[in-house]
Each structure stands twice: as structure tokens, then as C-alpha cells.
Amino acid sequence: LASMLHGKAVARAIRAHILTESALTTLLIKYLIPTNNDMDQGNSIRNGLDSSIMLNDIDVEEIKRIHMYNLSDINTNMNANVFQKLEIALEELKIYLSTHYKTANFWLQQMKYVNIVRNFIRASRTGDWHLYFITLGQMINLFDATGDRNYAKSAHLYLQIMQQLPESHSWL
């Protein structure tokens, strides 16, 4: 275990977590898609959800069309509405699952933490300082939870100093 997170193993571990999070998100989206199969496993979960958040056939076809043709212009009204509805539906499903199923709650927490790490990596690579500080603030809780008190204290101090930077060094 001591050599598990050294060198390339870190990249592999992060990649494995990201792939797991993607697979779990795919499973969650499948619960939001209407089916005609009465014997479907997801019916008990679908019955517990508000039917207004479920995706209809038109939404599903629009998402398939965007994915199939790899349309990068998601700023059109139709595309934005579909993705906004999908995001709201996913959040409602996550809330429902986390309150009714303990195992689902564990996996949803794992997805949340992987998303924090993913955003931190994105912010570091793109130089997005605003996202960097937001995710670093979220990571302080992770440092505390994993027992890395020194990382938590250092990250907290670093955030305080960097937030005061515009006032203390306005010329930057």
C-alpha cells in the first residue's frame, strides 16, 4: 500500500475513479429514461420520483441527436433546456436515492468527491483561478475526512492569503 500512490499509480487511480463516476452517471441517467418494460428493475425507483422530472421521449431523442452528431453548439435554447432538465432530474434522483438507500448514498458521495478532484485538475490545467479556489475550498473537507490535518490547515491558510491578494497587492 505504501507504494500504491506514487508516480503513474496516481494517474491510474484517478482515471479509475473518473471512469467509475462516469459509469455511475450513465446508470443514473438510465433511471430517468422512460421504458415500456414493466419488469424493469428501475420501476420501484421511478415510482418514488416525481414524474415531472422524468425525461420524455422528445428529450431523449434530442440528447441522442446531440451525442450522435457531436454538436458542440449547446448554447441554443433547445439544447440548453434539455441539458438543464437533465441536470435537475439527476439532482432530484440523487437526493431521492441518497435518502432511501445507504449504498446509493455511499456511491453518490464518491461521485461528488471525484467531481471535486476532476474540477481541481481542470482548474489547474486551464489556469481558471476562480474554479481553483472553489475546489480547493471543497477539498479542505476531504483533507479533514482523510486525516490529512496538515494539508487541511495549509490549504485553509493558502486560501485566506490568496483571497486577500487583490487588496494587499492591487498591482497584480
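That block above? That's the structure.
Residues numbered from 1 in each chain as written. Predicted model: local features only at pLDDT ≥ 70, side-chain atom pairs only at ≥ 80, totals over all residues. Heavy atoms only, no water.

### Brief notes about the nonpolar core
Heads up, the rule is: To form a nonpolar core, buried Ala, Val, Leu, Ile, Met, Phe, Trp, Tyr and Cys residues must be joined to one another through side-chain atoms within 4.5 Å. Relative accessibility thresholds used throughout: buried, under 20% of the residue-type maximum; exposed, over 50%; partly exposed, between the two (1.4 Å probe, protein chains only). Labels follow the DSSP assignment, with helices taken as runs of H or I lasting at least four residues and strands as runs of E lasting at least two, numbered in each case from the N terminus.
If you look at the biggest cluster of nonpolar residues, it comprises 14 residues, and the most contacted ones within it are Leu28, Leu32 and Leu97. Put simply, the parts of the chain that give this core at least two residues each are α1 (8-32), α4 (77-100) and α5 (102-126). Within the second largest apolar cluster, 13 residues are counted, among which are Ala123, Leu131, Leu136 and Ala152.

### Let's talk about helix α7 (residues 149-163)
Under the convention used in this document: To estimate the expected span of a helix, subtract one from its residue number and multiply by 1.5 Å. Should any heavy atoms of two residues lie within 4.5 Å, those residues are counted as being in contact.
Taking 1.5 Å of rise per residue, the 15 residues of α7 would be expected to cover 21 Å, and the 21 Å separating its terminal C-alpha atoms lies within 8% of that figure. Check the buried side of α7 and you find it contacts α6 (129-145) and α8 (165-168).

### Remarks on the pattern of salt bridges
Once the charged atoms of two side chains with opposite charge are near each other, the side chains can pair. Filter applied, for reference: By definition, a salt bridge exists where a carboxyl oxygen of Asp or Glu is found within 4 Å of a side-chain nitrogen of Lys or Arg.
Per the stated rule, a full pass over the model turns up three salt bridges. We note a salt bridge from glutamate 21 to arginine 118, for which the minimum N-O separation is 2.8 Å. Within this pair, whereas glutamate 21 is found in helix α1, its partner arginine 118 is found in helix α5, the two being separated by 97 residues in sequence. The class for glutamate 21 is buried, based on a relative accessible area of 9%. Salt-bridge contacts for aspartate 144 lead to arginine 149; the nearest nitrogen and oxygen are separated by 3.4 Å. For aspartate 144, a relative accessible area of 35% translates into the label partly exposed.

### Quick word on the packing of aromatic side chains
What counts here: Stacked, tilted and edge-to-face pairs are distinguished by plane angle, under 30 degrees for stacked and over 60 for edge-to-face with tilted covering the rest, among Phe, Tyr and Trp rings (Trp via its six-membered ring) whose centres lie within 6.5 Å.
With the rule as written, the count across this model stands at eight aromatic pairs. With a centroid separation of 5.1 Å and 75° between ring planes, the pair formed by phenylalanine 106 and tryptophan 107 is classed as edge-to-face. Exposure remark for tryptophan 107: the relative accessible area of 37% places this residue in the partly exposed category. For the pair tyrosine 132 and phenylalanine 133, a centre-to-centre distance of 5.6 Å together with 70° between the ring planes defines the contact as edge-to-face. For tyrosine 132, a relative accessible area of 17% translates into the label buried. Among the aromatic residues, ring-to-ring pairing joins Phe120, Trp129, Tyr132, Phe133 and Tyr158 into one connected group.

### So, the layout of surface pockets
Any space left empty among the atoms is revealed by the rolling of a water-sized probe across them. Operational definition: Only protein atoms enter the 1 Å grid, on which a cavity is a set of points fitting a 1.4 Å probe that cannot get out and a pocket is an open set with protein on both sides within 12 Å along at least 5 of 7 lines, lining residues being those with an atom within 4 Å of a point. Grid points are joined across faces, edges and corners, and a volume is the space filled by probe spheres set on the points. Three classes are used, and their members are as follows: Ala, Val, Leu, Ile, Met, Phe, Trp, Tyr, Cys and Pro are nonpolar, Asp, Glu, Lys and Arg are charged, and the others, Gly among them, are polar.
By volume, the largest pocket amounts to about 700 Å³. Around the largest pocket, the lining comprises 27 residues; the ones closest to its centre are Glu91, Lys94, Met111, Lys112 and Asn115. If you list the elements that add at least two residues to the lining of the largest pocket, you get α1, α4, α5 and α6. The biggest single contributor to the lining of the largest pocket is α5, with ten residues. Grouping the constituent residues of the lining of the largest pocket by class yields ten nonpolar, eleven polar and six charged.

### Focus: the packing of α6 against α7
Operational definition: Axis lines are fitted through C-alpha atoms, for helices just across the contact stretch, and the angle between N-to-C directions can take any value from 0 to 180 degrees. Reported orientations rely on four angle classes, namely roughly parallel under 35 degrees, roughly antiparallel over 145, roughly perpendicular from 65 to 115, and oblique for the rest. In this scheme the handedness of a crossing depends on how the near helix is turned from the far one: anticlockwise by less than a right angle means left-handed, clockwise means right-handed.
Closest axis-to-axis distance for the α6/α7 pair is 9 Å, and the angle between their directions is 150°. Relative to α7, the element α6 lies roughly antiparallel. In the crossing of α6 with α7, the sense of the turn from one axis to the other is left-handed. Of the residues in α7, those in contact with Trp129, Tyr132, Phe133, Leu136, Gly137, Ile140, Phe143 and Asp144 of α6 are Arg149, Tyr151, Ala152, Ala155, His156, Tyr158, Leu159 and Met162. Of the residues that constitute the contact of α6 with α7, the class distribution is twelve nonpolar, two polar and two charged.

It is worth stressing that arrangement in space is one thing and function is another; only the former is reported here.
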